[in-house]
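Structural overview for review
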Amino acid sequence: MLSKVASVKADKYEYDVIRQAVDRVFSLLEFDKLIKPGMKVVLKPNLLMKCTPEQATTTHPFLVSAVAEKVTELGAGSVLVAESSGGPYTKANLNAIYNASGLTEASREYPFSLNQDFSYQEVPWPNGETCRAFNVITPLTEADFIISLPKLKTHGMTGLSGAVKNMFGSVPGLQKPELHYRYPERNDFANMLVDLWECVHPGITIVDAVDSMEGNGPSGGNPKHTGRLFASQNPYCLDLALAYYIDMPISQIPVLKNAVRRGLCPAEFLESLAVGEPFQPITDFKKPKQKNLDFVDILPGFLQKPCKTVMEKILLPKPIIRKKDCIGCGKCAESCPQKIIQIKEHKAEIQSRKSCIHCYCCHEMCPKKAIDLKRFLG
């Protein structure tokens, strides 16, 4: 189902500014009608890792707080913040992230609580194209209404980390690398993400694009001020708008290519769907170091597979560990689905280049940005 996409200016992280932007989003898209009295509302931010709000890796606490206050005023019975970050889905890991992200402090002032239930439930999804059941963190399975609050970021594997990608955090902890292992091809992994979103199905998505991340996101890039909130009920139309805003072709975003193929959104961003303040592409928004290999599809069938194998070796960036900056914390080894990273003499080492599936989980989870993505060419 197509739905409108709201774009609202939010020039800075001041609570009153963000709250006014949230109010405008709710008004433009009539979100008020979706919140019913007594609802158990769960907010699902992006809390990838232990980072401060200034690093632009996690959803800003003012957005979480403003949405919590808004839905409480609309009659929500309770508001819970729940997320499974990178790393173990444990009380110690999540509470450290809550503290660093500013959410612990915000929860003392605004009407939401922080999830302390670290169980999960298997949720069948027979309509899935790639995956027909998911393990989902319990708070999301018990919610009456889910509001997803992503951060606008680039992403080394999926091109864009936006509305659809944010729901990967509904999979508990280190089961996420297992899905990378099951779906090592970018297209299959992206199609799994579409299945996952359809399975969990948040009712609203509001994107924190006040300060976004450009370059080698979702954690190794750099903050860039972009000054907006984006919102929609349709995550695919929303991601189309985000792609248009950061001037990224759909060909570099496999989630959107699959969504278009499945009839979940149009093949390009439609200005007729946009409401709120108009916006133009940011032409200098730095992209992640990835290369699209779709041109292989024009070759004769018998040449496609060998050509793709060769071109991937040449064009796909490889994770390279900068030993001088590595602190030997083991986050990269913990998150590697192939289990090919070991810590030796307090430094990380990639043991088998041939086994690397280019998921970039190691790059994503390194707290010191000590893992670069480097191409053989370019």
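Now for a description of the structure that goes with this document.

Calculation notes
- Residues numbered from 1 in each chain as written.
- Predicted model: local features only at pLDDT ≥ 70, side-chain atom pairs only at ≥ 80, totals over all residues.
- Heavy atoms only, no water.
- Helix = DSSP H or I, 4+ residues; strand = E, 2+ residues; numbered from the N terminus.
- Expected span 1.5 Å × (residues − 1).
- Buried < 20%, exposed > 50% of the residue type's maximum accessible area, 1.4 Å probe, protein only.
- Arc of directions from axis to C-beta.
- Contact = heavy atoms within 4.5 Å.
- Pairing = 2+ DSSP bridges.
- Salt bridge = Lys/Arg side-chain N within 4 Å of Asp/Glu carboxyl O.

**Notes on helix H1 (residues 15-29)**
Since the α-helix packs 3.6 residues into each turn, any two residues three or four apart lie on the same face. For H1, spanning 15 residues, the distance from its first C-alpha to its last is 21 Å, which sits close to the expected 21 Å at 1.5 Å a residue. Within H1, the full set of buried residues consists of Tyr15, Ile18, Arg19, Ala21, Val22, Val25, Phe26 and Leu29. All buried residues of H1 lie within an arc of 160 degrees about the axis, which places them on one face of the element. Facing away from the buried side of H1, by more than 90 degrees, are the exposed residues Asp16, Gln20 and Ser27. Contacts from the buried residues of H1 go to strand E1 (5-9), helix H2 (61-73), strand E10 (204-214), strand E11 (222-232) and strand E12 (274-276). Directly beyond the C-terminal end of H1, a positive phi value near 55 degrees is found at Glu30.

**Here's the deal with the pairing of strand E8 (residues 151-155)**
Counting buried positions along E8 yields five of five residues, so the element is predominantly enclosed. Along E8, one buried face is formed by Lys151, Lys153 and His155 and the opposite face, lined by Leu152 and Thr154, is buried too. By the bridge criterion, two bridges tie E8 to E10 in an arrangement that is parallel. Each residue of the ladder has a partner; that of Lys153, found in E10, is Met213. Strand direction decides the pairing type here: E8 and strand E9 (residues 159-161), joined by three bridges, are antiparallel. Its bridge partner being in E9, Lys153 is matched across the sheet by Ser161.

**Regarding the pattern of salt bridges**
In the structure shown here, the tally under the stated rule is 18 salt bridges. Its salt-bridge partner being Glu83, residue Lys44 comes within 2.6 Å of it at the nearest N-O pair. Of this pair, Lys44 sits in strand E2 (residues 40-45) while Glu83 sits in the loop between strand E3 (78-81) and helix H3 (91-101), and the two are 39 residues apart along the sequence. Across this residue pair, the class does not change: Lys44 and Glu83 are buried. Bridged by salt links that share partners, the residues Arg19, Asp23, Asp32, Glu69, Lys70 and Glu73 form one connected network.

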